[in-house]
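Letter by letter, the chains look like this.
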Amino acid sequence: MTDAVLQTSGISKSFGALRASRDISIDLKPGEIHAIIGPNGAGKSTLIGQICGTLKPDSGSVHLLGKDVTHQPTRARARAGLGRTFQISSLSMEDTVLQNVLLGALGASGRPWRFFSNVLKDTSLRETAEEALARVGLLDQARMRTAELSHGQRRQLEVAVALTQKPKALVMDEPMAGMGSEGSKLLTGFLDQLRHEAPILLVEHDMDAVFSLADRISVLVYGEVIATGTVDEIRANAAVKEAYLGDEA
Amino acid sequence: MIRERYLNALTLALFVAIPFWAITADEPFTITLMTRAVVFAIAAVGLNIALGLGGLVSLGHAVFFGLGGYAMGILAYHAQNYTALTEWPFLIEGTKSMPVIWLAAIVVSSLAALVIGILSLRTAGVYFIMITLAFGQMFFFFAISWAEYGGEDGLSIYVRNGFPGLNTLDPIQFYGLCLGLLCLVLLFAWRLSGSPFGLALNAARQVPVRVETAGLDPVRLKLVAFVLSGAITGLAGALFADLNRFVSPTMFSWQTSGEIMIFIILGGVGRLFGPVVGALVFVALEHWLGGLSDFWHIYLGLLLLVIVLFGRGGLIGMLCGREAVHD
Ligand SMILES: Nc1ncnc2c1ncn2[C@@H]1O[C@H](COP(=O)(O)OP(=O)(O)O)[C@@H](O)[C@H]1O
Ligand SMILES: [Mg+2]
């Protein structure tokens, strides 16, 4: 287990009487895509919040690259190499697409305290930003206002911003939600490659994508991981079928 | 729709043309009015960094305006009385030199902004507004009770402070000095908004969680913006005191904070020239409507209502449409 890039050990979290995370221990190994599936309200986003530091677990710990980050703020985890995409796009809507990726590059550079130079003329930031846009196929939209992007393009931009940080681990919350089938297919192909740069903890509802991408799948139901295994194991798992997959598998 | 940059150029041209006309027409009071507009504009350019870029709705910027005013008042008061401010731990004497006074105003208001910022940035939204308002009231009542410096009556300074190479007693020279400072402050605000810091601050206003996820601290970004903002408004306070040769606790009042915010809302929140257009229109309305009716604030209120309801971007937004995408 020591080679895990990302690891949660027994994290639990309650919202009042609702136990949103129950003793969750999962990990993410180099080069893999570990998918988290489960019905709406199962606690997937809550789990991600605790991994990324926007939520504090009631108990348990989170390790990133072997270091205990349980008590570190989100920004420290980000600087340590944790990239994240949000389920609900969290982009600066008034700004251009380029400005959004520049922010990611700026954060990774760790040098925001420059008050006079023009950020658009910072060649190193700009290269990082444009490269990330090119990789998700948004370079032509660089000068568009983010609010004018289609839903699917915003999801792509979320991924591009995460890429500018050169992450060592990626956590993605439903990156394909609301994308057309064409978009999902493209993104699936992209994530398939990306796993070799940074392993991905992938929360996703699109079962075609999950089954084609995941090295391992964990099934979350009522805040509890009821099964972890390969695609075939999960498909064959009776409890999973009953709790979640239904006829789909 | 007019291009925003033409409107900005036109505004600057007015700030040059009107005083020139005033000299030839021998209307010195117009120069005083224009100086008032310039000083208000500087104060509001300061607030606009916190409000427009950082999204910090501060109703306490009178603190910095007042501190700048009192920095001038206290230094000049001691200079004109030939007394020392303090002799311990080391001797500090008064001064009639504007550059020194400005520096003092900037230092004092930055420090105040740092402390107020650290305390109030723990909150957001309405709480932030209330806390900054409360700080304003604290300083207001402190100034009222500070009998050594005039208490409620304030301090009068007999002769305007000096600037090397200029005769500041000549209204047009003092005006030119203030306009020069406004241009510098605008240049600073413009560079700031396009800088790496400006980019991060702009995002921190819209989606703080994104900024955190990028590895930056949105609260610290806002704190620095608040300090820069307070420093500029403090500088304006020192100029305002020199314009009137008088400081009083009114500079610390919540009405002052409100007026600085009104300049920005009138002109356009977050627009580079929003505070400038707003201050000019405000001073014009104050002069004309104030001459027509004692209740001119009602008309101002109506105008604000129209602007807020129909043009989110203030007068500049109404004339130029929404902000162009930067490149
Ligand atoms: N901040 C919160 N306060 C109270 N309840 C919450 C909060 N966030 C999530 N929940 C609840 O926790 C449960 C899990 O939510 P979530 O993690 O968003 O599920 P998922 O992402 O799997 O759909 C849901 O019942 C949700 O209503
Ligand atoms: Mg969710």
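Please refer to the structure placed before this passage.
Note that this is a predicted model, so its numbers are computed, not measured. (Residues numbered from 1 in each chain as written. Chains lettered and ligands numbered in written order. Predicted model: local features only at pLDDT ≥ 70, side-chain atom pairs only at ≥ 80, totals over all residues. Heavy atoms only, no water.)

1. Concerning the overall build of chain A
Phase 1 of the analysis: For chain A, the count of helices and strands is nine helices and ten strands.
Phase 2 of the analysis: Relative to the compact-globule value of 18 Å for 249 residues, chain A shows a C-alpha radius of gyration of 18 Å, a close match.
Phase 3 of the analysis: Judged by the C-alpha coordinates and their principal axes, chain A covers about 60 × 40 × 35 Å.
Phase 4 of the analysis: Relative to its 249 residues, chain A shows a buried fraction of 55%. (Helix = DSSP H or I, 4+ residues; strand = E, 2+ residues; numbered from the N terminus. Rg over C-alpha atoms; globule rule 2.2 N^0.38 Å. Buried < 20%, exposed > 50% of the residue type's maximum accessible area, 1.4 Å probe, protein only.)

2. Some points on the overall build of chain B
Phase 1 of the analysis: Scanning chain B for helices and strands turns up 13 helices and four strands.
Phase 2 of the analysis: Over its C-alpha trace chain B gives a radius of gyration of 19 Å, about what one expects of a compact globule, namely 20 Å for 327 residues.
Phase 3 of the analysis: Projecting the C-alpha coordinates of chain B onto the three principal axes gives extents of approximately 55 × 50 × 40 Å.
Phase 4 of the analysis: Looking at chain B residue by residue over its 327 residues, the buried ones come to 54%.
Phase 5 of the analysis: Residue pairs in contact within chain B that sit at least 24 positions apart in sequence constitute 75% of those at least 6 positions apart. (Contact = heavy atoms within 4.5 Å.)

3. A short note on the site of ligand 1
All names here are of chain A.
Phase 1 of the analysis: Around ligand 1, the structure places Phe15, Leu18, Ala20, Pro39, Asn40, Gly41, Ala42, Gly43, Lys44, Ser45 and Thr46.
Phase 2 of the analysis: For ligand 1, an oxygen atom lies 3.2 Å from a polar atom in the backbone of Ala42.
Phase 3 of the analysis: Lys44 has a polar backbone atom sitting 2.8 Å from an oxygen atom of ligand 1.
Phase 4 of the analysis: Of all the secondary-structure elements, those providing two or more residues to the shell around ligand 1 are β2 (18–28) and α1 (44–52).
Phase 5 of the analysis: Class assignment of the residues belonging to the shell around ligand 1 gives a composition of five nonpolar, five polar and one charged. (Near = heavy atom within 4 Å. Polar contact = N/O pair within 3.5 Å; in protein donor to acceptor, adjacent residues only side chain to side chain. Nonpolar A, V, L, I, M, F, W, Y, C, P; charged D, E, K, R; others polar.)

4. Some points on the sheet that holds strand β9 (residues 216–221) of chain A
Residues and elements named next belong to chain A.
Phase 1 of the analysis: The strand order β6-β7-β8-β3-β9-β10 describes an open sheet built from six strands, whose pairing is mixed. Single-partner strands in this sheet number two, and they are β6 (82–85) and β10 (224–229). Geometrically, the sheet is characterised by an average inter-axis angle of 15° between neighbouring strands, direction not taken into account.
Phase 2 of the analysis: Both β6 and strand β7 (residues 169–173) contribute to a ladder of four bridges, which runs parallel. Note on β7: the bridge partner recorded for Thr85 is Met172.
Phase 3 of the analysis: On the sheet, α1 packs against β3 (33–37), β6, β7, β8 (200–203) and β9 and is oriented at approximately 150° with respect to β7. (Pairing = 2+ DSSP bridges. Axes fitted to C-alpha atoms, helices over the stretch in contact; angles between N-to-C directions.)

5. Focus on the packing of helix α11 (residues 274–292) of chain B against helix α12 (residues 296–310) of chain B
All names here are of chain B.
Phase 1 of the analysis: Interaxial distance between α11 and α12 falls to 9 Å at its minimum, and their mutual angle equals 140°. Between α11 and α12, the angle is such that the two are oblique. Where α11 crosses over α12, the two elements pack in a sense that is right-handed. Contacts between α11 and α12 involve Phe282, Leu285, Glu286, Leu289 and Gly290 from the first element and Trp296, Tyr299, Leu300 and Leu303 from the second. (Parallel < 35°, antiparallel > 145°, perpendicular 65-115°, else oblique. Left-handed = near helix turned anticlockwise from the far one by under 90°.)

6. Digging into the pairing of β3 of chain A
Residue and element names in this part refer to chain A.
Phase 1 of the analysis: Taken across its five residues, β3 has five buried, putting it largely inside the fold.
Phase 2 of the analysis: As judged from the four bridges shared by β3 and β9, these two strands associate in the parallel manner. Considered in β9, the bridge of Ile36 is made with Ser218.

7. Details of the environment of Leu139 of chain A
Residue and element names in this part refer to chain A.
Phase 1 of the analysis: Locating Leu139 in the fold gives a position in the loop between α4 (123–136) and α5 (151–164).
Phase 2 of the analysis: Sequence separation between Leu139 and Val97 is 42 residues, and the spatial gap between their C-alpha atoms is 8.9 Å.
Phase 3 of the analysis: For Leu139, the contacting residues outside a window of four places in its chain are Glu130, Leu133 and Ala134.

8. Details of the pattern of salt bridges
Phase 1 of the analysis: In total, this model carries 15 salt bridges over all chains according to the counting rule given.
Phase 2 of the analysis: Of the charged contacts in the structure, one is a salt bridge between Arg75 of chain A and Glu212 of chain B, with a shortest N-O distance of 3.2 Å. Within this pair, whereas Arg75 of chain A is found in helix α2 (residues 74–79), its partner Glu212 of chain B is found in helix α8 (residues 208–213), the two belonging to separate chains.
Phase 3 of the analysis: One salt bridge in this structure joins Glu94 of chain A and Arg205 of chain B, with 2.9 Å as the shortest N-O distance. Highlighted residues: Glu94 of chain A in the loop between β6 and α3 (97–109) and Arg205 of chain B in helix α7 (residues 196–206), drawn from two different chains.
Phase 4 of the analysis: Taking the relative accessible area as the measure of exposure, Glu94 of chain A reaches 46% and is therefore partly exposed.
Phase 5 of the analysis: A residue is classified by how much of its surface remains accessible, and Arg205 of chain B, at 24% relative accessible area, is partly exposed.
Phase 6 of the analysis: Within the structure, one salt-bridge network assembled from shared partners comprises Asp27, Lys29, Glu32 and Arg216 of chain A. (Salt bridge = Lys/Arg side-chain N within 4 Å of Asp/Glu carboxyl O.)

9. Examining α11 of chain B
Since there are 3.6 residues in each turn of an α-helix, residues three or four apart along the chain are aligned in direction.
Residue and element names in this part refer to chain B.
Phase 1 of the analysis: With 19 residues, α11 extends 26 Å between its outermost C-alpha atoms, agreeing within 8% with the 27 Å of an ideal straight helix rising 1.5 Å per residue.
Phase 2 of the analysis: Taken together, the buried positions of α11 are Gly274, Pro275, Val276, Val277, Gly278, Ala279, Leu280, Phe282, Val283, Leu285 and Glu286.
Phase 3 of the analysis: Each element contacted by the buried residues of α11 is listed here: α1 (4–24), α2 (28–53), α6 (171–194), α10 (254–267), α12 and α13 (314–320). (Expected span 1.5 Å × (residues − 1).)

10. Quick look at a nonpolar patch on the surface
Residue and element names in this part refer to chain B.
Phase 1 of the analysis: A cluster of nonpolar side chains, contributed by Ile2, Tyr6, Phe295, Ile298, Tyr299, Leu302, Leu305, Val306, Leu309, Phe310, Met318 and Leu319, occupies part of the molecular surface with about 1300 Å² of accessible area.
Phase 2 of the analysis: Secondary structure elements with two or more residues in the nonpolar patch: α12 and α13.
Phase 3 of the analysis: As for its position among the elements, Ile298 is in helix α12. (Patch = residues over 30% accessible without salt bridge, like charges linked within 9 Å, V, L, I, M, F, W, Y side chains within 5 Å. Areas by Shrake-Rupley, 256 points an atom, 1.4 Å probe, with all protein chains shown as cover.)

11. Describing the interface of chain B and chain A
Phase 1 of the analysis: If you look at the interface, chain B gives 33 residues, while chain A gives 37 residues.
Phase 2 of the analysis: Together chain B and chain A conceal approximately 3200 Å² of surface at their shared face, both sides included; 61% is due to carbon and sulfur atoms.
Phase 3 of the analysis: Among the residues chain B hides against chain A, the three largest losses belong to Pro196, Leu199 and Arg210 of chain B. Together they make up 23% of the total.
Phase 4 of the analysis: At the boundary of chain B with chain A, the tally comes to 16 residue pairs in polar contact (both at pLDDT 80 or more).
Phase 5 of the analysis: Those elements that place two or more of their residues in the side of chain B that touches chain A are α6, α7, α8 and α9 (218–244) of chain B.
Phase 6 of the analysis: Residue contributions to the side of chain B that touches chain A peak at eight residues, all from α7 of chain B.
Phase 7 of the analysis: Of the residues contributing to the side of chain B that touches chain A, the split by class is 17 nonpolar, seven polar and nine charged. (Buried area = accessible area lost by both parts, 1.4 Å probe.)

12. What about unusual backbone geometry?
Both trends apply: most residues other than glycine have a negative phi, and most peptide bonds are in trans.
Phase 1 of the analysis: Of note, the amide linkage connecting Trp88 of chain B to Pro89 of chain B takes the cis form, showing an omega dihedral of 5°.
Phase 2 of the analysis: For Pro89 of chain B, the location among the structural elements is in the loop between β1 (84–86) and β2 (92–93).
Phase 3 of the analysis: One non-glycine residue with positive phi stands out, namely Asp23 of chain A, at about 50°.
Phase 4 of the analysis: Judged by relative accessible area, which is 56%, Asp23 of chain A ranks as exposed.
Phase 5 of the analysis: Backbone geometry places Tyr222 of chain A, a non-glycine residue, at a positive phi of 50°.
Phase 6 of the analysis: Within the fold, Tyr222 of chain A resides in the loop between β9 and β10.
Phase 7 of the analysis: For Tyr222 of chain A, a relative accessible area of 64% corresponds to the exposed category.

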